[in-house]
Amino acid sequence: ASASASASASAATATDAMRRVNAFMVREREIRVFPGARGRVATSLSSVAGHVSFLLLGYSYMTSDLLTLRALAVGGLSAAVVFQYFRDVPLWLPIRWNALFVAINVFWVAKLYYDEYNAEHWCTTEERSLYDRHFSHMALNSFRTLLKHGKWRDIERGFEFTKEGKMNENVHVLIDGSAEVYVGGKSVNSIDAGSFIGEMSLMRSIAGSNAKKQSKRPRAASATVVAAERCRVFSWDDGELRQLIQQNEQIKSGVQAAFGVGLAEKLLTTRVMSTKVFAQEPQRVSHALA
């Protein structure tokens, strides 16, 4: 009887404490937002938590870093739980779902942080630079898989990365050095370090309504790309990369995003992208993107 009475007293004390906390959270008070007489707003701490939740979740949509995105989701959803709990009647349905989503995102934060820490043991300086430059929106374990299907190469001056009209056999990312783009034997553009070579034929063949039929076959290169000096590249076999993209959606989205950014950079830096040239020779402009 004594133990039962003690438990009841403890439960009553806890309930009373929660009531006081709830009253503190929902009590409206004036908060200064801007200087001046009109800069004060009447609100509660519970409402502030609601605003913080939406701000964090909104910011998470603007970041491409997976770890930052997951961490912001944890903070935003946790603030949402506070907003939904501290009120006259807690909203248990969204609270339970948000608690589940918090747990899922906490797991991913821990996993991504572990992958980041573990990368220090397997990722070389060159590989890390490649990741930061092109694939930082991809999980490190997916990037590690992508690396296993390619290789580092040192290329001599005059080497042909692609041959106009010939099936493209490799996709390269130019780490150091430069290359020249030729169409019909004429130089139309130059490619500097940081650019992809041969990715256009891969992107064209995996896009469109008949992508599934075409995705196993490489397409002919639209231009000849020649090393203008000794180059350092990371290369993938076109067929092997194509197969990997088909089998792994995470790698597919990461590779397509990297190629898309690379294409945008080519459009910004290509020498022949002028109104006059485009009006006279539109095909020359498209080929210059290699």
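Everything that follows concerns the structure shown earlier in this document.
This one's a predicted model, so the numbers in the text were calculated from it and none came from an experiment.

J.: Just give me the short version of the overall build of the protein chain, but keep the residues and values in it.
T.: Tallying secondary structure elements over the protein chain gives twelve helices and ten strands in all. The 290 residues of the protein chain split such that 36% are buried. Relative to all contacts within the protein chain whose residues are 6 or more apart in sequence, the contacts with residues 24 or more apart total 66%. Only carbon and sulfur atoms are counted for the fraction: they give 58% of the accessible area of the protein chain, which is about 17000 Å².

J.: Give a description of the nonpolar core that names residues and reports values.
T.: Counting 24 residues, the largest nonpolar core has Phe135, Phe143, Leu146, Trp236 and Leu241 as the members making the most contacts within it. Going through the elements one at a time, helix H4 (92-122), helix H5 (125-134), helix H6 (140-148), strand E5 (170-176), strand E10 (231-237), helix H9 (238-247) and helix H10 (249-269) are the ones with two or more residues in this core. Counting residues in hydrophobic clusters, the runner-up holds 14 residues, among them Phe161, Ala223, Ala227 and Cys231.

J.: Help me get a handle on the environment of Glu229, residues and values and all.
T.: Relative to the helices and strands, Glu229 is located in the loop between strand E9 (224-227) and E10. Here the alpha-carbon distance between Glu229 and Ala179, two residues 50 residues apart in the chain, equals 7.1 Å. When near neighbours in sequence (up to four residues on either side) are disregarded, Glu229 contacts Ile155, Glu156, Arg157, Gly177 and Ser178. At 2.7 Å, the side chain of Glu229 forms a polar contact with the side chain of Ser178.

J.: Outline the sheet that holds strand E3 (residues 150-155), listing residues and values.
T.: Strand order in this open sheet of four strands is E3-E10-E5-E8, and the pairing throughout is antiparallel. Since the sheet does not close on itself, it has two edges, and those belong to E3 and strand E8 (196-197), each with one partner. Relative to E8, E5 runs antiparallel, the two being bridged by two bridges. Considered in E8, the bridge of Val173 is made with Phe196. On the sheet, H9 packs against E5 and E10 and is oriented at approximately 60° with respect to E10.

J.: Outline the packing of aromatic side chains, supporting the account with residue identities and numerical values.
T.: Overall, the coordinates contain twelve aromatic pairs when judged by the stated rule. Here the aromatic rings of Tyr131 and Phe143 are separated by 5.0 Å at their centres, their planes lie at 55°, and the arrangement is tilted. Pair noted here: Tyr131 is in helix H5 and Phe143 is in helix H6, with a separation of twelve residues, a long-range link. Between Trp152 and Phe234, the aromatic rings sit 4.9 Å apart at their centres with planes inclined by 75°, giving edge-to-face as the arrangement. Here Trp152, found in strand E3, pairs with Phe234, found in strand E10; they are 82 residues apart in sequence, far enough to count as distant. Of the residues examined, Trp152 reaches a relative accessible area of 22% and is grouped as partly exposed. Assessed through its relative accessible area of 2%, Phe234 is described here as buried.

J.: Which residues make up the sheet that holds strand E4 (residues 160-162), and what values do they have?
T.: The strand order across the open sheet built from four strands is E4-E9-E6-E7, with neighbouring strands paired in antiparallel fashion. The strands lining the two open edges of the sheet, one partner per strand, are E4 and strand E7 (186-191). Put simply, the sheet's adjacent strands are angled 30° from each other on average, direction ignored. Judged from the two bridges that link them, E4 and E9 form a sheet pairing that is antiparallel. By the bridge assignment for E9, Glu160 is matched with Val226.

J.: Could you give me a rundown of a nonpolar patch on the surface, with the residues and numbers involved?
T.: Taken together, Leu93, Trp97, Leu100, Phe101 and Ile104 make up a surface patch of nonpolar side chains, about 500 Å² in accessible area. For Leu100, the position within the fold is in helix H4.

J.: Could you give an account of H5, with specific residues and numbers?
T.: For H5, the complete set of buried residues consists of Glu127, Leu130, Tyr131 and His134. Projected down its long axis, H5 carries its buried residues within an arc of 100°, all on one side.

J.: Tell me about the side chain of Ser235, and name the residues and values.
T.: On the secondary structure map, Ser235 appears in strand E10. For Ser235, a relative accessible area of 3% translates into the label buried. Here His172 takes part through its side chain, which lies 2.7 Å from a polar atom of the side chain of Ser235. Beyond its immediate stretch of four places on either side in the chain, Ser235 contacts Gly150, Lys151, Arg153, Val171 and His172.

Rules behind the numbers
Within every chain, residues take consecutive numbers counted from 1 along the sequence as written. Local features in a predicted model are, by the rule used here, given only for residues with pLDDT of at least 70; side-chain atom pairs are given and counted only at 80 or more, and totals for whole chains, interfaces and linings are based on all residues. For side-chain calculations, the full set of non-hydrogen atoms in the structure is used, while hydrogens and water are omitted. Here a strand is any run of E in DSSP of at least two residues, a helix any run of H or I of at least four, and the numbering for each starts at the N terminus. The cut-offs for exposure are 20% and 50% of the maximum accessible area for each residue type, with area from a 1.4 Å probe on protein chains only; residues under the lower value are buried, those over the upper are exposed, and the others partly exposed. In what follows, a contact means two residues having at least one pair of non-hydrogen atoms within 4.5 Å. Here the Shrake-Rupley method, with its probe set to 1.4 Å, supplies the accessible areas, and only the displayed protein chains count as covering residues. Take the buried Ala, Val, Leu, Ile, Met, Phe, Trp, Tyr and Cys residues and link them wherever side-chain atoms come within 4.5 Å; each set so joined is a nonpolar core. Here a polar contact is recorded for every N or O atom pair within 3.5 Å, except that within protein the pair must consist of a potential hydrogen donor and a potential acceptor, and residues adjacent in sequence are included only if both atoms are side-chain atoms. At least two bridges found by DSSP between two strands is the condition for calling them paired. Each axis is a line fitted through C-alpha atoms, and for a helix only the stretch in contact is used; angles between axes span 0 to 180 degrees, taken between their N-to-C directions. Two rings from Phe, Tyr or Trp (for Trp, the six-membered ring) form a pair when their centres sit within 6.5 Å of each other. Planes less than 30 degrees apart are called stacked, planes more than 60 degrees apart edge-to-face, and all others tilted. Surface patches are defined over residues having more than 30% relative accessible area and no salt bridge, joining like charges when they lie within 9 Å and nonpolar side chains (Val, Leu, Ile, Met, Phe, Trp, Tyr) when within 5 Å. A side-chain nitrogen of Lys or Arg and a carboxyl oxygen of Asp or Glu constitute a salt bridge if their distance falls within 4 Å. Of all possible arcs, the one meant is that of the directions from the helix axis to the C-beta atoms.

Take it as geometry only, folks, not as evidence of what the structure does.
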